[in-house]
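Below are the chains, spelled out letter by letter.
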Amino acid sequence: MEIDQRRLRDDLETTASFGAIDADDGHGRTVLTGTEADQQARDYLCERLQEAGLEVRIDAVGTIVGRWTPASAEPDAAPIAAGSHLDSVPAGGIFDGPLGVYAALEAVRTLQETERALDRPIEVVSFTEEEGTRFGALLGSSVAVGERSPATALERTAADGTTLEDALIEIGYHGDATIDAAAWDAWLELHIEQGRRLERAGTPVGIVSAITGILHLDVRIDGEANHAGTTPMAYRTDPPAAAELVLAVEDAATDLLAESDSVVGTVGRLEVTPNATNVVPGTTRLGIDIRDVTAATMTAVRQRVEETLARLERERGVETTLRETVAIDPVPMASRCQEALHRSAEHTGIDAPTLHSGAGHDSMHVAAVTDAGMLFAPSKAGLSHSPAEWTDWDDCAQATAVLATALADLATGSPAD
């Protein structure tokens, strides 16, 4: 399975030029949904899909699908789908998302050139608004799986007051097709790892076993604001007791590593009021992020948070509240897809390790309605969402070869030669 690395690179470099930003290190881009840069990226993708002979359709929220039906395939058979997204975070990198989209397209072009006989159509997919910077994360895939209605999604409003519907109409991507992920026989997504495991292992591909669950907790600790110099230590009702909660989150996750080596706990936000050096704060708010591929360990970290808050109330006289703002269960990848990817890696001559994803992806939604699988390509120094994000072109091509072989496997029952 010979991937045209130059063609894949050209597509990715061209896409990187849309929304390109100046960066001291690397190649940055800002492609927010409904902007001119987004329109340029979409236009280019549709052109490339059509040039490859794919039938293009666009749904109400702007998700783009290109369908290739080989002459050997049953036209009405459930297709195998692959892809990712084109949008970025502000000042993001050039591989996160576009690699998955153009690897899927390059896989189709390679299968066309090898004249492999396939039993099913293949669809190349670019989901709208995966990053969520303007209208909400994983939006296009949530509509494709029926979790959110198109009407509800189109009402989503950006900070500047623009609705998703208005933004898509403005750039010409408010379509009328229906995209139903449940109609896919299987789904595969190639993504950069956003970590260092593959780089350290010296391998160009990893097979994802599961996507982490995500639990976000908003905690508020209320005490009594007072003068920092005149309030004795023994008479303070002091919300910076929040420091104990920060350490409790860290300790809880560390203590559970023996049960699950993928559990993590982070206090990523602290807001102290009134936030003055010479004032004992009256209120502290914290944002806590808990993740793992095992729900039980996530629950255990949460319980430690609750126990710590109860202790702080008893010992320090503060009042606490806890609010759950995000709760996403861990999502295992389908064994059928994992097996196809491992067979394909072996067929391609790559020893691909199994690893989990610590970040969320559109595949989380798709896995709820059909068999889903993911594979990773290495991230230099583990960087992503940054202009310094980088995946070597050889690694891009080798991961694409594994993707193409797996698509052939799923579409016929055996890897392509």
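A short note on a negative patch on the surface
At step 1: A cluster of acidic side chains, namely E155, E165, D166 and E170, defines a negative patch on the protein surface.
At step 2: Within the secondary structure, E155 sits in the loop between α5 (150-154) and α6 (164-171).
At step 3: The exposed category is assigned to E155, whose relative accessible area is 58%.

Remarks on the sheet that holds strand β14 (residues 319-328)
At step 1: One open sheet accounts for four strands, arranged β11-β13-β9-β14; its pairing is antiparallel. The two strands at the open ends of the sheet, each matched to only one other strand, are β11 (264-273) and β14. Neighbour to neighbour, the strand axes of the sheet diverge by 15° on average, direction disregarded.
At step 2: Taken together, the nine bridges between strand β9 (residues 213-222) and β14 define a ladder with antiparallel strand orientation. Residue pairing in the sheet places R220 in a bridge with T321 of β14.

Remarks on the packing of aromatic side chains
At step 1: Evaluated as defined, the whole model comprises eight aromatic pairs.
At step 2: Measuring from ring centre to ring centre gives 5.1 Å for F95 and W390, while their planes differ by 90°; the resulting arrangement is edge-to-face. Of the two residues, F95 is situated in the loop between β5 (80-85) and α3 (98-114) and W390 in the loop between β17 (371-377) and α12 (393-412); the sequence distance between them amounts to 295 residues.
At step 3: On the basis of relative accessible area, F95 is assigned to the buried category, the value being 1%.

A few points about the pattern of salt bridges
At step 1: Following the criterion strictly, the structure yields 30 salt bridges and no others.
At step 2: The salt bridge involving R6 is made with E13; its shortest N-O contact spans 3.4 Å.
At step 3: Judged by its relative accessible area of 44%, R6 is partly exposed.
At step 4: In this structure, a network of salt bridges that share partners links the residues D4, R7, D11, R48, E51, E106, R109 and E113.

Focus: the pairing of strand β7 (residues 186-192)
At step 1: Summarising burial for β7: seven of the seven residues are buried, a large majority.
At step 2: In β7, alternate side chains face the same way, and those of A186, L188, L190 and I192 on one face and W187, E189 and H191 on the other are all buried.
At step 3: For β5 and β7, the ladder comprises three bridges, and the chain directions are parallel. Bridge assignment links I80 to a residue of β7, and that residue is A186.
At step 4: One ladder, built from seven bridges, connects β7 with β17; its direction is parallel. Bridge pairing links E189 to M374 in β17.

Analysis parameters
Residues numbered from 1 in each chain as written. Predicted model: local features only at pLDDT ≥ 70, side-chain atom pairs only at ≥ 80, totals over all residues. Heavy atoms only, no water. Patch = residues over 30% accessible without salt bridge, like charges linked within 9 Å, V, L, I, M, F, W, Y side chains within 5 Å. Areas by Shrake-Rupley, 256 points an atom, 1.4 Å probe, with all protein chains shown as cover. Salt bridge = Lys/Arg side-chain N within 4 Å of Asp/Glu carboxyl O. Lys, Arg positive; Asp, Glu negative; His and termini not counted. Charge placed at Lys NZ, Arg CZ, Asp CG, Glu CD. Helix = DSSP H or I, 4+ residues; strand = E, 2+ residues; numbered from the N terminus. Buried < 20%, exposed > 50% of the residue type's maximum accessible area, 1.4 Å probe, protein only. Pairing = 2+ DSSP bridges. Axes fitted to C-alpha atoms, helices over the stretch in contact; angles between N-to-C directions. Phe/Tyr/Trp six-rings, centres within 6.5 Å; stacked < 30°, edge-to-face > 60°.

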